[in-house]
Amino acid sequence: MSVIIAIPIENSKIRSRFTALCPEARFIDRDHLQSEELKDAEVILGNVPVSALSSCSSLKWLQLDSAGADAYLNLPETVTLTNASGAYGEAISEYMLACTMAAIKKLYEYAAMQKERDWRSLGSVKTVSTLTVLTIGMGNIASAYAQRMHALGAVVDGIRRTQKEKPSFYRHQYTMDQLDDILSDYDVIAMALPGTAETDHVMTRERLAKTKTGSILINVGRGSAIDETALIDMAEAHHFSHVFLDVFEHEPLPKNNPLWTCQDVTVTPHIAGRFNAAVTYDNIIDIMLANLSHYLHHEPLEHIVNRKAGY
């Protein structure tokens, strides 16, 4: 059996955890991947270019190191696709929390004033206990943020695709068909949606216009979820107190994109997740090892992607 490990392995201790479980496993550098290295693979652990999988006639299982799986949904149904859902909640929710706190305390405005040696008070600020928050999406990442905001005193509601049991830290749970009716109620709108046909431009110009003037918008899911042209227009009109974007329709964000210079927009280069937090990397390794053990022992895999739902 050919097992390929296509994730950066930081040290020999981690490598030995894989080889102890599967001595025949081979490690590759995916940044310099040659397609022929994957040709006979039965199992691949890690995100490799979709184009490199076209010649993998023996592939039975692909374990992603990302939560998002949209780029891989068209793989043959004979290939079991699993993701790393659950690995990113802690790191990305802390990014979202940091964005929220910086916005309500006007830290970005004070940072700009510091450059001008401008010693003025910008007046009153909000506290978390006064905020109403809506998470668009209620998966691992959105729920981790919601739980943290609830613990700090905010009122948090959520929207998801279908009704399920509501976590206790959410006040109300809605479905997407109710989005238009509630958008104007929230001080913070935090988007953490997967990339699917249903979520493409879910935040239209009309919906952006329904959000509360002076609200905070955060997007850590998929850039395609927001009509970017409409968002630029509204940001330039100072509709939002601040917009935080870690994901974009086109990445890297083109240097001539107006989002770079919008006064009320903070751009980060898709870094809220990835392997930037050690805990995320550790979580992904644990998910991979657990699933590899399941596979080798002919047990059901965890984190299987629902191809129809897209995640």
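Below you will find a few notes about this structure. Just so you know, the residues in each chain are numbered from 1, in the order the chain's sequence is written. Whole-chain, interface and lining totals are the exception, using all residues; otherwise, since this is a predicted model, local features are given only for residues with pLDDT of at least 70 and side-chain atom pairs are given and counted only at 80 or more. As a rule here, side-chain values come from all non-hydrogen atoms in the structure, and water together with hydrogens is ignored.

1. Let's talk about empty space enclosed by the protein
Both cavities and pockets are sets of points on a 1 Å grid over the protein atoms alone; in a cavity a 1.4 Å probe fits but cannot get out, in a pocket the set is open with protein on both sides within 12 Å along at least five of seven lines, and lining residues sit with an atom within 4 Å of a point. Grid points are joined across faces, edges and corners, and a volume is the space filled by probe spheres set on the points. Counted by the stated rule, this structure contains one cavity of 30 Å³ or more. Of the pockets and cavities examined, the largest cavity occupies roughly 50 Å³. In terms of lining residues, the largest cavity is bounded by Asn219, Gly223, Ile226, Glu228, Leu231, Leu245, Val247, Phe248 and Leu259. Its residues assigned to classes, the lining of the largest cavity comprises six nonpolar, two polar and one charged. Residues are grouped as follows: Ala, Val, Leu, Ile, Met, Phe, Trp, Tyr, Cys and Pro are nonpolar; Asp, Glu, Lys and Arg are charged; all remaining types, including Gly, are polar.

2. Quick word on the pattern of salt bridges
Definition used for salt bridges: Asp or Glu carboxyl oxygen within 4 Å of a side-chain nitrogen of Lys or Arg. Under the counting rule described, the total for this entry stands at 11 salt bridges. Between Asp180 and Arg207 there is a salt bridge, with its nearest N and O atoms 3.0 Å apart. Here Asp180 is found in helix α5 (residues 179-182), whereas its partner Arg207 is found in helix α6 (residues 205-210), with 27 residues between them in sequence. By relative accessible area, which is 30% here, Asp180 ends up partly exposed. The structure contains a network of salt bridges with shared partners spanning Lys126, Asp187 and Lys212. For helices the rule is a DSSP run of H or I covering at least 4 residues; for strands it is a run of E covering at least 2, with both sets numbered from the N terminus onward. Only protein chains enter the accessibility calculation, which uses a 1.4 Å probe; a residue is then buried when its area is under 20% of its type maximum, exposed when over 50%, and partly exposed in between.

3. A short note on the layout of surface pockets
Summary: where empty space remains is shown by rolling a probe the size of a single water molecule over the atoms. Empty space within the second largest pocket amounts to approximately 170 Å³. What lines the second largest pocket is a set of 13 residues, and nearest its centre among them are Ala103, Ile104, Lys106, Lys126 and Ser241.

4. As for the environment of Ser129
Locating Ser129 in the fold gives a position in the loop between α3 (107-115) and β6 (132-136). Residues Ser129 and Thr196, 67 residues apart in the sequence, show an inter-C-alpha distance of 34 Å.

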